[in-house]
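The primary structure of each chain is shown beneath.
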Amino acid sequence: MSENKDQKFVYDFTEGNKDLKDLLGGKGANLAEMTNLGLPVPPGFTITTEACKVYLESGSEPAELRDEVSAHLDALERNMGKKLGQADNPLLVSVRSGAKFSMPGMMDTVLNIGLSDTSVEGLAKQSGDERFAWDSYRRLIQMFGKTVLGVDGELFEDALDEAKQAKKVTVDTDLEAADLKKLVKHFKKIVKAEAGRDFPQDPREQMDLAIKAVFDSWNGDRAKLYRRQERIPHDLGTAVNICSMVFGNLGPDSGTGVAFTRDPASGHQGVYGDYLQNAQGEDVVAGIRNTVPLADLESIDKKSYDQLMGIMETLENHYKDLCDIEFTIERGQLWMLQTRVGKRTAGAAFRIATQLVDQGLIDEAEALQRVNGAQLAQLMFPRFDENAKVEKVARGIAASPGAAVGKAVFDSYTAVKWSRSGEKVILIRRETNPDDLDGMIAAEGILTSRGGKTSHAAVVARGMGKTCVCGAEELEVDTKRRRMTVPGGHVVEEGDVVSIDGSTGKVYLGEVPVVPSPVVEYFEGRMHAGADDADELVQAVHRIMAYADRVRRLRVRANADNAEDALRARRFGAQGIGLCRTEHMFLGDRRQYVERLILADTDSEREEALEQLLPLQKSDFVELFEAMDGLPVTVRLLDPPLHEFLPDITELSVRVALAESRKEPHENELRLLQAVHRLHEQNPMLGLRGVRLGLVIPGLFTMQVRAIAEAAAQRIEAKGDPRAEIMIPLVGTVQELELVREEAEQVIAEVQQRTGVELKLALGTMIELPRAAVTAGQIAEAAEFFSFGTNDLTQTVWGFSRDDVEASFFTAYLEKGIFGVSPFETIDKDGVGSLVRSAVQSGRATRPDIKLGVCGEHGGDPESVHFFHEVGLDYVSCSPFRIPVARLEAGRAAAQSSGSDSR
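What comes next is a walk through the structure. Quick caveat: nothing in here was measured; it's all calculated off a predicted structure.

What counts, and at which threshold
Residues numbered from 1 in each chain as written. Predicted model: local features only at pLDDT ≥ 70, side-chain atom pairs only at ≥ 80, totals over all residues. Heavy atoms only, no water. Helix = DSSP H or I, 4+ residues; strand = E, 2+ residues; numbered from the N terminus. Rg over C-alpha atoms; globule rule 2.2 N^0.38 Å. Buried < 20%, exposed > 50% of the residue type's maximum accessible area, 1.4 Å probe, protein only. Contact = heavy atoms within 4.5 Å. Areas by Shrake-Rupley, 256 points an atom, 1.4 Å probe, with all protein chains shown as cover. Lys, Arg positive; Asp, Glu negative; His and termini not counted. Charge placed at Lys NZ, Arg CZ, Asp CG, Glu CD. Patch = residues over 30% accessible without salt bridge, like charges linked within 9 Å, V, L, I, M, F, W, Y side chains within 5 Å. Salt bridge = Lys/Arg side-chain N within 4 Å of Asp/Glu carboxyl O. 1 Å grid on protein atoms, 1.4 Å probe; cavity = no way out; pocket = protein on both sides within 12 Å on 5 of 7 lines; lining within 4 Å. Points joined across faces, edges and corners; volume = space filled by probe spheres on them. Nonpolar A, V, L, I, M, F, W, Y, C, P; charged D, E, K, R; others polar. Pairing = 2+ DSSP bridges. Axes fitted to C-alpha atoms, helices over the stretch in contact; angles between N-to-C directions. Parallel < 35°, antiparallel > 145°, perpendicular 65-115°, else oblique. Core = buried A, V, L, I, M, F, W, Y, C linked by side-chain atoms within 4.5 Å. Disulfide = S-S within 2.5 Å.

### Concerning the overall build of the chain
Working step 1: Each helix and strand in the chain was counted, giving 36 helices and 31 strands.
Working step 2: Scaling as 2.2 N^0.38, a compact globule of 903 residues should have a C-alpha radius of gyration of about 29 Å, and the chain matches this with 33 Å.
Working step 3: Across its three principal directions, the C-alpha atoms of the chain cover 105 × 70 × 60 Å.
Working step 4: Across the 903 residues that make up the chain, the buried fraction comes to 55%.
Working step 5: Long-range pairs, those at least 24 residues apart, make up 68% of the contacts in the chain between residues at least 6 apart in sequence.
Working step 6: In the structure as shown, the chain presents an accessible area of about 37,500 Å², 46% of it carried by carbon and sulfur atoms.
Working step 7: Mean positive and mean negative side-chain charge positions of the chain (107 and 141 charges, respectively) differ by 2 Å.

### What about a nonpolar patch on the surface?
Working step 1: On the surface, a cluster of nonpolar side chains totalling about 260 Å² of accessible area is made up of Leu695, Val696 and Leu739.
Working step 2: Considering the arrangement of structural elements, one finds Leu739 in helix H28 (residues 734–755).

### Section: empty space enclosed by the protein
Working step 1: The final tally for this structure, using the stated rule, is 1 cavity of 30 Å³ or more.
Working step 2: Of the volumes computed, that of the largest cavity is approximately 130 Å³.
Working step 3: Forming the walls of the largest cavity are 14 residues, and the residues nearest its centre are Arg96, Leu111, Met245, Val246 and Leu337.
Working step 4: Counting residues per element, the ones that place at least two in the lining of the largest cavity are strand S3 (93–99) and strand S5 (238–244).
Working step 5: By residue class, the composition of the lining of the largest cavity is 6 nonpolar, 7 polar and 1 charged.

### So, the pattern of salt bridges
Working step 1: Under the definition given, this model contains 58 salt bridges.
Working step 2: Salt-bridge contacts for Glu130 lead to Lys181; the nearest nitrogen and oxygen are separated by 2.9 Å. Note that Glu130 is positioned in helix H5 (residues 130–147) and Lys181 in helix H7 (residues 177–195), a separation of 51 residues in sequence.
Working step 3: When the shortest N-O distance is used, the salt bridge between Asp549 and Arg887 registers 2.6 Å. Residue Asp549 is found in helix H20 (residues 536–551), and its partner Arg887 is found in helix H36 (residues 883–902); the two are separated by 338 residues along the sequence.
Working step 4: On the basis of relative accessibility, which here comes to 9%, the residue Arg887 falls in the buried class.
Working step 5: Residues joined in a network through salt bridges with shared partners are Arg131, Asp135, Arg138, Arg139, Asp161, Lys164 and Asp172.

### As for the layout of surface pockets
Working step 1: Within this model, the second largest pocket holds a volume of roughly 940 Å³.
Working step 2: Together, 36 residues line the second largest pocket, and Met685, Arg689, Asn791, Asp792 and Gln795 are the ones closest to its centre.
Working step 3: For the lining of the second largest pocket, the secondary-structure elements that each account for two or more residues are strand S25 (577–581), helix H31 (790–798) and helix H32 (802–808).
Working step 4: Per-element tally for the lining of the second largest pocket: the top contributor is H31, with 5 residues.
Working step 5: Class assignment of the residues belonging to the lining of the second largest pocket gives a composition of 13 nonpolar, 11 polar and 12 charged.

### Describing the pairing of strand S2 (residues 44–47)
Working step 1: Here S2 shows a buried face lined by Gly44 and Thr46 and a second buried face lined by Phe45 and Ile47.
Working step 2: Two strands pair when backbone bridges link them, and S2 and S5 are joined in this way by 4 bridges, in the antiparallel orientation. When the bridges of S5 are listed, Thr46 appears paired with Asn241.

### Digging into the packing of H5 against helix H6 (residues 153–167)
When two helices pack together, their arrangement is given by the angle between the helix axes and the distance between those axes.
Working step 1: Two numbers describe how H5 lies on H6: the axes approach to 8 Å, and their chain directions differ by 155 degrees. Looking at the two axes, H5 sits roughly antiparallel to H6. Counted together, Arg138, Ile141, Gln142, Gly145 and Lys146 of H5 and Gly153, Phe156, Glu157 and Leu160 of H6 form the full contact between these two elements.
Working step 2: Along the lines of polarity and charge, the residues of the contact of H5 with H6 split into 3 nonpolar, 3 polar and 3 charged.

### Re the nonpolar core
Working step 1: Among the nonpolar cores identified, the biggest contains 133 residues, and Phe350, Leu376, Val541 and Ile728 are the most heavily contacted of them.
Working step 2: Sorting elements by how many residues they give to this core places helix H27 (residues 700–717) first, with 10 residues.
Working step 3: If near-sequence neighbours (up to four positions away) are discounted, Leu376 is found in contact with Phe350, Val519, Phe523, Val541, Met545, Pro884, Val885 and Leu888.

### Observations concerning the state of the cysteines
Working step 1: What the rule picks out here adds up to 0 disulfides.
Working step 2: Looking at Cys468, it has no disulfide partner, and the nearest cysteine sulfur is the one in Cys470, 3.5 Å off.
Working step 3: Cys855 carries a free sulfur, and the closest cysteine sulfur to it, the one in Cys878, is 11 Å from it.
Working step 4: Taking the relative accessible area as the measure of exposure, Cys855 reaches 4% and is therefore buried.

### Things to note about the sheet that holds strand S27 (residues 723–728)
Working step 1: The strand order around the closed barrel formed by 8 strands is S24-S25-S26-S27-S28-S29-S30-S31, and the pairing between neighbours is parallel. Averaged over neighbouring strand pairs, the angle between their axes works out to 30 degrees when direction is ignored.
Working step 2: In the sheet, strand S29 (residues 785–788) pairs with strand S30 (residues 851–854) via 4 bridges, with the strands oriented parallel. The residue bridging Phe786 from the neighbouring strand is Leu852, located in S30.
Working step 3: Sheet strands in contact with helix H23 (residues 603–627) are S25, strand S26 (632–636) and S27, and its direction is about 150 degrees off that of S26.
Working step 4: Against the sheet, H28 touches S27 and strand S28 (762–767), its axis set at about 150 degrees to S28.

Printed below as a string of structure tokens:
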């Protein structure tokens, strides 16, 4: 028995509601909600996620589960007036997975549970349709064999193809009852041969085995891969929904379909979805048969169409969002099989959010939660140049927008293999299935010749933000020969480059050039949201961003090292520069001056080298302060080891050896080689760098401080408003900072006295070592600001050398679930984050007005931005392109915390 005797593991559809997704999963909670709304839902019950967790942890189902299932099955049988698998009039049920978060096609479903050699005859008599009964039985054996017994699904598909070839037909619906009887016998032989057992004839055994298979599918490879991709926790488990069957394969007055209350690709209102007559649900999702547009249902079955339109309006108003709906029509009777808040493209997310505000269904704060930074980043990707001279060869359904270019591959394995070797690929299939998930993740885009907007390929691609074109029927895809034939007879072989446009559905041969997206043009000021040529998407983005900027507390700065980047960052909405890396100013033609500094043998040689660098540094800072006039500019003094400014040791050794062999002058190369050997360190990232350089090499940091101070004075004299902040890197103890600060203050005072200009230059440090974080209270005594360098802090907390570990074992760690996501991509809240939190608290305890920011790559990561808001930083800093994302997420974080406070 389980420890909690009062725990309930099974809920009837009449007992739940949409807020019980943790317990009943998304599908079960929404079936219950539709039942509560009085919509036509086939009766059934849900086994909770808690039962699944017990099963996954212990290896066996809860002891009470069988009795609870039996009690609910008895009630269902009484309600339906027939018993599961009853010989003369069988009750049939579906067994479907349903986790809290939608995982389309990643877990298992079995339909028509209850059919057997005996009950199939009863179903034929009861329905008056022998063909329908045997078609349903062959579907059960096929799904059960593959899903529950682990039989290779291709064996069933091959047998079905052979049956159609023998009959000289091309579609399943042309097979007659006698053909399907033979097929059932063939399928049962396949099960016996492959599974080592007969197909079970006991309907309860069928149901129990199917329930267990659904539980097991939570930890299937494709489910785990999908959860890693979508960052869904692995410990949630899945619910199981047992629902009385309704049949769409009873003839032309029956059918099945998927509907959206708005277009999931564009967000536009209208009639969107797919319908397939005389079919069951898997036929639509699998894309095996091409569907008709949902609008055609009006001419096929006007009564059901009108009822469906009314239900769709009810559901959208009730959920206040785009709804994804699965339905079946059984001999003119409409049944709702599922609804959920639908997956949508990035552009649709922004459009729908603003549309719902305009309709009064949601407010601006809720609209801000309906979009995210990842979607905004996707909208900023380039698009195909419509004016380019390219060869369009086909047009399919625009299932998921974007511009994707890559080499054609025809199976998932090749997509993954080529992608890992650095190739960009387009995965081309007749239709995709859940086993293609890893290839879909690896590919730049997906192209199928079958299926519609609700097919597996379309739904999964939209969820992942992948470009996808479906149902390009003009293409003849031959996966076995690894080729695709386009209209006109041209053959695309594996490895040939193709381009697909998920916004228009167009397919091109070769590489199509790209142009900036309109969203980027808007952010850069080349398109105004109120202009006549501004499209609906730009207007929606503008409205969402305006609200985010109004409510956010975090300011957003840019990581920029020159005036050009600074100006672009400012156009993107940057409120200053959070990191100017001065080492980038020493590259190119200026490297020679750094070499002279390194090779200096005397104080006078070193001072001369520094004097040559001073005017160059000052000029750079003048341009930077002008570009960011009136906004803060945090300048980090030289950070990397000096060896990075010298030629590669192998290259130098070759040059010296060649010069010696040719008896050519090589004194300078020899001195450089000696310097490289002298500066060599086993682990340079933990060696002579950052503040240590400034303390060991006299005059280096003072030259940089002087250049900053003189540039600021020059801008003030020119009536500018420079707001420079000087940041000392890699400080581990307050004594280091005090020594550098003392020298810096002397230089600033000298410049003030000489120019007669009053300078207000803040001095602070990066917190990028664990010791600095732990002793932040002491360091704050000498620092006016902290900037968390989370790249190096992550390396030093984890003991990682980033350049090495990402290539050597990060993939394995992600696959094994040790990481949900790389700690260099999203802040490690428990480790690195706890140090940031404690440093914030101790720093503010010492200096309440201390300014706190972050300048690592995490500053532009959506999830990390929420953490930095929570711990109380004043700003985040990121690359210019990620500034809009950071602005949006800072607004979302503020709105979320405000919403939780009000609750």
